[in-house]
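The residues making up each chain are set out below.
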2 protein chains.
Amino acid sequence: MKFGGTSVASADDIKRAARRIVNARESGKQVVAVLSARGKTTDELVAAAYEISPRPLEREMDMLLSTGERISCALCAMAIHDMGHNAISLTGSQAGIVTDSSHTKARILDVRADRIHAALKEDRIVLVAGFQGVSGDSKDVTTLGRGGSDTTAVALAAALDAEVCEIYTDVSGVFSADPRIVPEARKLPYVSFEEMLEMSSSGAGVLQLRSVEYARNHGVQIHCRSSFEDGPGTLVLAEDATMEQPMVTAVTHAYEARVTLTGLKDEPGVAGLVFGALADANVNVDMIIQNEPVSDDQKADLSFTIARDDLQKAIDVLGELDAADEIETDPEVGKVSIVGAGMRSHPGVAAKVFRTLGDNEINIEMISTSPIKISCVVAADRVPEAVRKIHEAFDLGADAVREEDPSGEHRPRVTS
Amino acid sequence: MKFGGTSVASADDIKRAARRIVNARESGKQVVAVLSARGKTTDELVAAAYEISPRPLEREMDMLLSTGERISCALCAMAIHDMGHNAISLTGSQAGIVTDSSHTKARILDVRADRIHAALKEDRIVLVAGFQGVSGDSKDVTTLGRGGSDTTAVALAAALDAEVCEIYTDVSGVFSADPRIVPEARKLPYVSFEEMLEMSSSGAGVLQLRSVEYARNHGVQIHCRSSFEDGPGTLVLAEDATMEQPMVTAVTHAYEARVTLTGLKDEPGVAGLVFGALADANVNVDMIIQNEPVSDDQKADLSFTIARDDLQKAIDVLGELDAADEIETDPEVGKVSIVGAGMRSHPGVAAKVFRTLGDNEINIEMISTSPIKISCVVAADRVPEAVRKIHEAFDLGADAVREEDPSGEHRPRVTS
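Not measured: the values here are computed from a predicted model.

Caption draft 1: Looking closely at the overall build of chain A. The helix and strand inventory of chain A stands at 12 helices and 18 strands. By the compact-globule yardstick of 22 Å for 416 residues, chain A fits well, its C-alpha radius of gyration being 23 Å. By its C-alpha atoms, chain A is 75 × 55 × 35 Å across when sized along the principal axes. Looking at the 416 residues of chain A, the share that counts as buried comes to 56%. Of the contacts formed within chain A by residues at least 6 apart in sequence, a portion of 74% connects residues at least 24 apart. Surface accessibility of chain A: about 17,700 Å² in total, with carbon and sulfur atoms responsible for 46%.

Caption draft 2: A look at the packing of aromatic side chains. All names here are of chain A. One pass over the structure, following the stated rule, counts 4 aromatic pairs over all chains. For the ring pair Phe 3 and Tyr 168, a centre distance of 4.7 Å and an interplane angle of 10° mean the geometry is stacked. Of this pair, Phe 3 sits in strand β1 (residues 2-3) while Tyr 168 sits in strand β9 (residues 165-169), and the two are 165 residues apart along the sequence.

Caption draft 3: The relation of the copies chain B and chain A, seen in detail. Screw-axis analysis of chain B against chain A gives a translation of 0.1 Å along the axis, an RMSD of 0.1 Å, and a rotation angle of 180°. In short, the pair behaves as if placed about a two-fold rotation axis. Among all residues of chain B, the minimum C-alpha distance to the rotation axis is found for B:Thr67, at 2.6 Å. Taken together, the interface assignments show that 100% of the residues at the interface of chain B recur at the interface of chain A, consistent with an identical surface on both copies.

Caption draft 4: The domain arrangement of chain A, seen in detail. All names here are of chain A. Parsing chain A into structural domains produces domain 1 (2-238) and domain 2 (251-393). A straight line from the C-alpha centre of domain 1 to that of domain 2 covers 32 Å. Counting residues at the interface gives 17 residues for domain 1 and 18 residues for domain 2. Interface area for domain 1 against domain 2, summed over the two sides, is near 1,400 Å², with a carbon-plus-sulfur share of 59%. Considering only the side of domain 1, the residues that lose the most area to domain 2 are Ile 181, Glu 198 and Ser 202, jointly responsible for 42% of the buried surface there. For the pair domain 1 and domain 2, the number of links is 1 salt bridge. Close ionic contact of Glu 198 with Lys 373 constitutes a salt bridge, the shortest N to O distance being 3.6 Å. The interface formed by domain 1 and domain 2 holds 6 residue pairs in polar contact (both at pLDDT 80 or more) in total. Tallying contributions element by element places helix α7 (residues 193-201) first for the side of domain 1 that touches domain 2, with 5 residues.

Caption draft 5: Fine view of the interface of chain B and chain A. Each partner contributes residues to the interface: chain B has 40 residues there, and chain A has 40 residues. Together chain B and chain A conceal approximately 3,200 Å² of surface at their shared face, both sides included; 64% is due to carbon and sulfur atoms. On inspection of chain B and its partner chain A, the count reaches 2 salt bridges. Salt-bridge contacts for B:Arg115 lead to A:Asp140; the nearest nitrogen and oxygen are separated by 2.5 Å. Between chain B and chain A we count 14 residue pairs in polar contact (both at pLDDT 80 or more) in total. Residue assignment for the side of chain B that touches chain A shows that the elements contributing at least two residues are α1 (11-26), α2 (41-52), α3 (58-65), α4 (67-82) and β3 (87-90) of chain B. Examining the composition of the side of chain B that touches chain A, we find that 11 residues originate from one element, α4(B), more than from any other.

Caption draft 6: Just helix α11 (residues 349-359) of chain A, in detail. Residue and element names in this part refer to chain A. Listed in full, the buried residues belonging to α11 are Val 349, Val 353, Thr 356 and Leu 357. For α11, the buried positions fall inside an angular range of 95° around the axis, keeping them on one side. Here the buried face of α11 lies against β16 (326-339), β18 (373-379) and α12 (383-393). Of the residues one or two after α11, Glu 361 is the one with positive phi, at around 55°.

Caption draft 7: The side chain of A:Ser66, seen in detail. Looking at where A:Ser66 falls in the secondary structure, it is placed in the loop between α3 (58-65) and α4 (67-82). Other than its neighbours up to four places away in sequence, A:Ser66 contacts A:Gln132, A:Val141 and A:Thr143.

Caption draft 8: Summary view of the sheet that holds strand β12 (residues 234-237) of chain A. Residue and element names in this part refer to chain A. Pairing is mixed in the open sheet, where 8 strands are placed in the order β3-β6-β2-β1-β9-β11-β12-β10. Because the sheet does not close on itself, it has two edges, and the strands there are β3 (87-90) and β10 (190-192). The sheet strands contacting helix α6 (residues 148-159) are β1, β2 (32-35), β6 (125-129), β9 and β11 (222-226), and the helix crosses β2 at an angle near 165°. Most of the contacts of α7 go to β10, to which it runs at about 90°, and overall it touches β10 and β12.

Caption draft 9: Geometry of unusual backbone geometry. Even without a glycine there, the phi angle at A:Asp395 is positive, about 55°. Here A:Asp395 is to be found in the segment after α12.

Caption draft 10: Inspection of the state of the cysteines at higher detail. Under the counting rule described, the total for this entry stands at 0 disulfides over all chains. Free of any disulfide, A:Cys73 has its nearest neighbouring cysteine sulfur in A:Cys76, separated by 7.3 Å.

Caption draft 11: Seen up close, the pattern of salt bridges. Residues and elements named next belong to chain B. One pass over the full model with this rule turns up 39 salt bridges over all chains. Across the pair Asp 13 and Arg 16 runs a salt bridge whose closest N-O atoms are separated by 2.8 Å. Of the two residues, Asp 13 and Arg 16 are both situated in helix α1; the distance of 3 residues between them amounts to about one turn of the helix. Owing to a relative accessible area of 11%, Asp 13 belongs among the buried residues under this scheme. On the basis of relative accessible area, Arg 16 is assigned to the partly exposed category, the value being 32%.

Caption draft 12: Region of the structure containing the sheet that holds strand β17 (residues 366-370) of chain B. All names here are of chain B. Taken in spatial order, the 6 strands make up an open sheet running β14-β15-β13-β16-β18-β17, and their pairing is antiparallel. The open sheet has two edge strands with one neighbour each: β14 (285-291) and β17. Across the sheet, the axes of successive neighbouring strands diverge by a mean angle of 25°, strand direction being ignored. Here 5 bridges tie β14 to strand β15 (residues 300-306), and the two strands are oriented antiparallel to one another. Looking at the pairing, Asn 291 lines up with Asp 301 of β15. Packing of helix α9 (residues 270-280) onto the sheet brings it into contact with β13 (250-264), β14 and β15, and relative to β15 it is tilted by some 25°.

Caption draft 13: View of the packing of helix α9 (residues 270-280) of chain A against helix α10 (residues 311-321) of chain A. All names here are of chain A. Closest axis-to-axis distance for the α9/α10 pair is 10 Å, and the angle between their directions is 135°. Taken as axis vectors, α9 and α10 run oblique relative to one another. In the packing of α9 onto α10, the handedness of the crossing is right-handed. Facing α9, whose interface residues are Leu 273, Val 274, Ala 277 and Leu 278, α10 presents Ala 314, Val 317, Leu 318 and Leu 321. Taken together, the residues that form the contact of α9 with α10 break down as 8 nonpolar, no polar and no charged.

Caption draft 14: Structural detail: the confidence of the model for chain A. Residue and element names in this part refer to chain A. The share of residues in chain A with pLDDT of 70 or more is 92%, and the mean pLDDT across the chain is 89. The model gives residues 400-416 a pLDDT under 50, and that stretch makes 44 contacts with residues more than four places away or in other chains. Interface predicted TM-score (ipTM) for the complex: 0.81; the corresponding pTM is 0.84.

Caption draft 15: Examining the environment of A:Thr42 more closely. All names here are of chain A. Mapped onto the fold, Thr 42 is located in helix α2 (residues 41-52). The exposure class of Thr 42 is buried, given its relative accessible area of 12%. C-alpha of Thr 42 to C-alpha of Thr 91: the two residues are 49 residues apart in sequence and 16 Å apart in space. Discounting chain neighbours no more than four positions away, the residues touching Thr 42 are Ala 37, Leu 65, Glu 69 and Arg 146.

Caption draft 16: Molecular detail of the pairing of strand β16 (residues 326-339) of chain B. Residue and element names in this part refer to chain B. The pairing of β13 with β16 spans 12 bridges and is antiparallel. Residue pairing across strands places Glu 256 opposite Val 333, the latter belonging to β16. In the sheet, β16 pairs with strand β18 (residues 373-379) via 7 bridges, with the strands oriented antiparallel. Note that in β18 the partner of Ser 337 across the bridge is Ser 375.

How each quantity is defined
- Residues numbered from 1 in each chain as written.
- Chains lettered and ligands numbered in written order.
- Predicted model: local features only at pLDDT ≥ 70, side-chain atom pairs only at ≥ 80, totals over all residues.
- Heavy atoms only, no water.
- Helix = DSSP H or I, 4+ residues; strand = E, 2+ residues; numbered from the N terminus.
- Rg over C-alpha atoms; globule rule 2.2 N^0.38 Å.
- Buried < 20%, exposed > 50% of the residue type's maximum accessible area, 1.4 Å probe, protein only.
- Contact = heavy atoms within 4.5 Å.
- Areas by Shrake-Rupley, 256 points an atom, 1.4 Å probe, with all protein chains shown as cover.
- Phe/Tyr/Trp six-rings, centres within 6.5 Å; stacked < 30°, edge-to-face > 60°.
- Least-squares fit on C-alpha atoms with pLDDT ≥ 70 in both.
- Domains from an automatic or database assignment.
- Buried area = accessible area lost by both parts, 1.4 Å probe.
- Salt bridge = Lys/Arg side-chain N within 4 Å of Asp/Glu carboxyl O.
- Polar contact = N/O pair within 3.5 Å; in protein donor to acceptor, adjacent residues only side chain to side chain.
- Arc of directions from axis to C-beta.
- Pairing = 2+ DSSP bridges.
- Axes fitted to C-alpha atoms, helices over the stretch in contact; angles between N-to-C directions.
- Disulfide = S-S within 2.5 Å.
- Parallel < 35°, antiparallel > 145°, perpendicular 65-115°, else oblique.
- Left-handed = near helix turned anticlockwise from the far one by under 90°.
- Nonpolar A, V, L, I, M, F, W, Y, C, P; charged D, E, K, R; others polar.
- pLDDT = per-residue confidence, 0-100.

Now the structure itself:
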């Protein structure tokens, strides 16, 4: 069981999480729970660091930030104890989460769960501080990057061969679109790992991308649920080849910034130069489009999208690089994506997306596709409308696509 | 160097501490600094625990509270880095502070400073999270109790064979009385370990009692200094037999509560019963007075003082015990103490103290003495006056007693 920051924010929230953990224990299950830092704790610690230093040392940032999850675990252990159960909190290091030494974005190398196994054997509930580990070589505290607690939970579920990895958040599952934009969006009873990967990488915030990758690679079934209400959430699980795939599962969106380099020298290696420099500056590039020059004396144009927070850094890096005649930027773009494992076998989805946007006079600035996803970059202020229109066009609202299937044995056939 | 909570409270405070550490390093010294939790952090964490549970688990309390000092160390390492030096923060466990497993009041068993030595060898400044360690057997995080960072600093100074252990606080040293009560109180250039022990246990808050014991037992010289101003503070060091002792060094005071049991059965073991029960409830008893019964059919009276916060707990414990006819309590008493290594060889100090209080019509409720201390319990509202009058009677004000002696080679002779 993993509880996110909003699920442990107040004392009442912690007691609610403790109650869920205790209920699971009392239903006969052995429970290991991973907790995030409370509410805004991590943000406050980050702010404290930047109050001290414009470029906080990464090793020390990890030492600093790892305290937040420990606080949550210690407090939750106290609450569980008052409910008559025996709980023990463990730091990432004590829980055996061994990582590489890439501070602030460490990757899990190994889970040495001896101490967890011992505690479970003593009939204890184990609470593990999420988001952190210990580097195998230097024995320093490391963190897994933002949202890393999901990865901690999935990695422990894999190492302990858990029945399921339950991720508790402030939303009740994975939806066919953001319900704040599309009120008729419906909760999906299940999505495949592949779909979830595409959704996580295109704006669905409910699960961290790396945790989904880890779950897919290790076959860990995830159950996304609400901390605040009962009832089933969304299962994330492996695709079953015998089942009919729904054509389209969900519409996601994200706000980004676009950078266009005009008059780029069209010579081998220039793209590598640009994206290498951005990578060195830790700027993650999302979509990339390069226009080939029409005639020999023309130069190429290169457009890409990045997180809005990284825009100034990107401008600085590219300015120094001096590889293009001009750098144009647009901080007000959005990306609307449609995801569905069934797209693979259903041609015509892309055409329908483009037609829907065109009918509504929403201009498409960039397009990228994968076998199960189509993404369009549009002006930021048109994003909500684009999401609503596509959601409507594919009839993704309540009762339209998937039936609830608690047995998980088969999926309803979908017709488009 | 050890910096207390007020010395690392704000970002500016942390930078000021970092600057002092860097200055010491640049003067050619190897520096290990111990930091406390920032400002009110520990109080806030304690409050968070009591918001969850009326009786927080001690193991989890240690996990919770140990985060405060780690935050201070990580932030200070960032600040030092920005000043062009290489710093590394270590948790108590990483620094090799091995304790017993008495959670919330662990005692240091060993200091395995390998990692500190290695870091110093690499020309790094080492920052150690105070107040915490790791239990030798269970590998759990432990804490040393309130004020434990002083003990961490002294223990590291002993283990590393440091030249001096500098304790930085918001006061500039040890004074002949609390300057808030006695404006003419003077800063003492030095006090002996024995005097400091008596002063710490009788109200002087500048150094934690256990740290002074540890320093005396391991011969660690302590220098109490101000974080906020320059100039020497107070040296705490071993008495030198060849020196003349000042008769009286300081007047200290503390506010307490008094409990009197009347009609106590005068039989062997009854005192053991009473104080055993209080000890089990973690109530620390300070002064104790028992009046023998005058005739055979009379019962004994027993009076003692405790911390005010413990009064209700003591009343509960004693009520259950039912060993006395009546329990009288006075939550409004104070203890005024006069401390001086020279008292040993100067009779008449006690008489002068009693006479001074009597001349000012301050009633003495209880008296206790040690070879170098006399304590009187008086009504709480008479404490400031009692301190002032005794300070005046023994002429402890500026220039009266000790001359500054930066060489530390000899102490001025004092005449009374």
